[in-house]
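Remarks on the overall topology
In case you want the letters, here they are:
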Amino acid sequence: MTSITIYHNPACGTSRNTLSLIRNSGEEPTVIEYLITPPDRATLKSLIAATGLTTKEVMRRKGTPFDELGLDDAKWTDDQLIDFMLAHPILINRPIVVTPLGTKLCRPSEVVLDILPGRQQGAFSKEDGEQVIDAGGNRVAHQ
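Before going into details, it helps to say that this report is about the structure given with it. For clarity, every value in this text was computed on a predicted model and none was experimentally measured. (Residues numbered from 1 in each chain as written. Predicted model: local features only at pLDDT ≥ 70, side-chain atom pairs only at ≥ 80, totals over all residues. Heavy atoms only, no water.)

1. Observations regarding helix 2 (residues 41-51)
Inclusion rule: Think of it in three bands: with a 1.4 Å probe and only protein chains considered, a residue is buried below 20% of the maximum accessible area for its type, exposed above 50%, and partly exposed in between. The numbering of helices and of strands both runs from the N terminus, where a helix is a DSSP run of H or I of at least 4 residues and a strand a run of E of at least 2. As used here, the arc belongs to the directions running from the helix axis to the C-beta atoms. Residues count as neighbours in contact if any of their non-hydrogen atoms are within 4.5 Å of one another.
Regarding helix 2, the residues found buried are Leu-44, Leu-47, Ile-48 and Thr-51. Looking straight down helix 2, one finds that the buried residues subtend no more than 95° of arc, so they occupy a single side. Relative to its buried face, helix 2 has exposed residues pointing more than 90 degrees away, namely Ala-42 and Ala-49. Against the buried residues of helix 2 lie strand 1 (5-8), helix 3 (78-87), strand 3 (96-99) and strand 4 (102-105). Positive backbone phi, at 80°, marks Gly-52, one or two positions downstream of helix 2.

Shown next as structure tokens:
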């Protein structure tokens, strides 16, 4: 078993699908429900850097106080945006997955396939019915 960690929100379909894809590869990840146990500042900064995304790109807008707080304003520094994420963990977009092959914000959920060390063990369809993996454990190409 490899060490895989998912920063997970069980109320989010994308997060649930991502967790299921990890498990479909034969791995049982460390699941961190970040709304209950948010990362500390150093961990959050490290996660953002490892994704290769900007701080703003890792922030969730929908269903959060992002607009209400005016966080789209260019005046905010990355450190200030991280302060907001620490104060309001719902602002952290999800799921973020860490594997030995990299760290990604897995939106859409099948992005996780790019960083999973193991092959998919069988067929997998998302909660909405979209098939992602065929019976042979291969990624399904979508047009």
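2. Description of the pattern of salt bridges
As a reminder, the rule being used: Salt bridges, as used here, are contacts in which a Lys or Arg side-chain nitrogen is within 4 Å of a carboxyl oxygen on Asp or Glu.
Counting across every chain of the model gives nine salt bridges. The partner of Arg-23 in a salt bridge is Glu-28, and the shortest N-O contact between them spans 2.9 Å. Classification of Arg-23 by relative accessible area gives partly exposed; the value is 41%. Linking Asp-114 and Arg-139 is a salt bridge whose minimum nitrogen-to-oxygen distance equals 3.1 Å. With Asp-114 in the loop between strand 4 and strand 5 (124-125) and Arg-139 in the segment after strand 6 (131-133), this pair connects stretches of sequence that are 25 residues apart. Note on Arg-139: relative accessible area 45%, which makes it partly exposed.

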